[in-house]
Amino acid sequence: MSPGPARGRTSGGDGGSGRRGPVRRWQLVRAGSDAVPASTRRFMARARQRRVRAALPWAVAAGVVALVGLVAWTLFGTGLFGVREVRVSGGELVTPVQVRNAAAVPDGAPLARVDLEATARRIGRLPAVERATVTRDWPDALVVTVTERTAVAAVPHDGQFEVIDVTGVVFRSLPEQPAGLPLVRVAEPGPADPGTRAALEVLAALTPRLRTELADVTVEGLARITLRLRGGREVVWGDATRGEDKARVATALLDRDADRIDVSVPDVVTFR
């Protein structure tokens, strides 16, 4: 028995006809703005504005921080605004070179990093300087204003004349007695010396006439202070207490014909 004719196979859903149907191709097309409802567009725009408003402060803050950081780095971390000059005013006994050396601020050091108070303290260690102030003068200078000590007396000591101020600080040594200054004779001049302090108290209490007549103040002990006047006369002062009373009484007796006036007890005065 011979085999029958082979049966063909069909594919697809064409009811066995053997032909394929058309292939559909999809394509995305961006919708025009008119395709979005107006209410939706308004909502989306408001949402974008809210996001921008929320992000704006952070963006501004970040910009400010970056700017501050850049400025700080420029001022403190670079020599762009470094010290190029130290200007000195008010000094006569100290020279600008001495002041600059005492300031010890390196050339090119960032001006903003200079410790003004520490610099002023270093300058104030110069003997003749009573006080110093230091300020910045942008972009590259320090300005130093010096106040020097005022001489009130000279102390003969070790073959020199030690010049002292009102606090007893020795700030200058001269080979000869400076004109216009009274002499103070004490063993060890200085602000910590009781004899120096007592002599300065006496000087502060003197009347103008006594100052004019005064040659020196000799302190042999805290209760043995003597004024030597021009012409060789002496005023026995005693200790440094009741200085104004003693000065008033001694001044009143200057016209008396006496070589020695004792006002150590101003209520009981003796003279000869």
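About the criteria used
- Residues numbered from 1 in each chain as written.
- Predicted model: local features only at pLDDT ≥ 70, side-chain atom pairs only at ≥ 80, totals over all residues.
- Heavy atoms only, no water.
- Core = buried A, V, L, I, M, F, W, Y, C linked by side-chain atoms within 4.5 Å.
- Buried < 20%, exposed > 50% of the residue type's maximum accessible area, 1.4 Å probe, protein only.
- Helix = DSSP H or I, 4+ residues; strand = E, 2+ residues; numbered from the N terminus.
- Contact = heavy atoms within 4.5 Å.
- Polar contact = N/O pair within 3.5 Å; in protein donor to acceptor, adjacent residues only side chain to side chain.
- Pairing = 2+ DSSP bridges.
- Axes fitted to C-alpha atoms, helices over the stretch in contact; angles between N-to-C directions.

Caption draft 1: Local environment of the nonpolar core. With 29 residues, the main nonpolar core has Leu 203, Leu 206, Leu 210, Val 217, Ile 225, Leu 227 and Trp 237 as its most contacted residues. Of all the secondary-structure elements, those providing two or more residues to this core are β4 (153-157), α4 (194-205), β8 (214-221), β9 (224-229), β10 (234-238) and α6 (243-252). At five residues, α4 tops the list of elements feeding residues into this core. Not counting residues within four places of it along the chain, the set of residues in contact with Ile 225 comprises Ala 198, Val 202, Val 217, Thr 218, Val 219, Val 235, Val 236, Trp 237, Gly 238, Asp 239 and Ala 240.

Caption draft 2: Fine view of helix α3 (residues 116-124). Here α3 has its buried residues at Ala 118, Thr 119, Ala 120 and Ile 123. On its buried face, α3 is in contact with α2 (96-103), β2 (129-137) and β3 (141-148). Two to three positions downstream of the cap, the backbone nitrogen of Glu 117 sits 3.2 Å from a side-chain oxygen, assigning the N-cap of α3 to Asp 115.

Caption draft 3: Representation of the sheet that holds β3 in the model. As summarised here, the arrangement of the three strands in space is β1-β3-β2, forming an open sheet in which the pairing is mixed. The sheet is open, and its two edges are formed by β1 (85-89) and β2, each paired on a single side. Each adjacent strand pair in this sheet contributes to an overall mean axis angle of 20 degrees, direction not counted. Pairing of β1 with β3 involves five bridges; the strand directions are parallel. In the sheet register, Ser 89 faces β3, and the bridge partner there is Thr 145.

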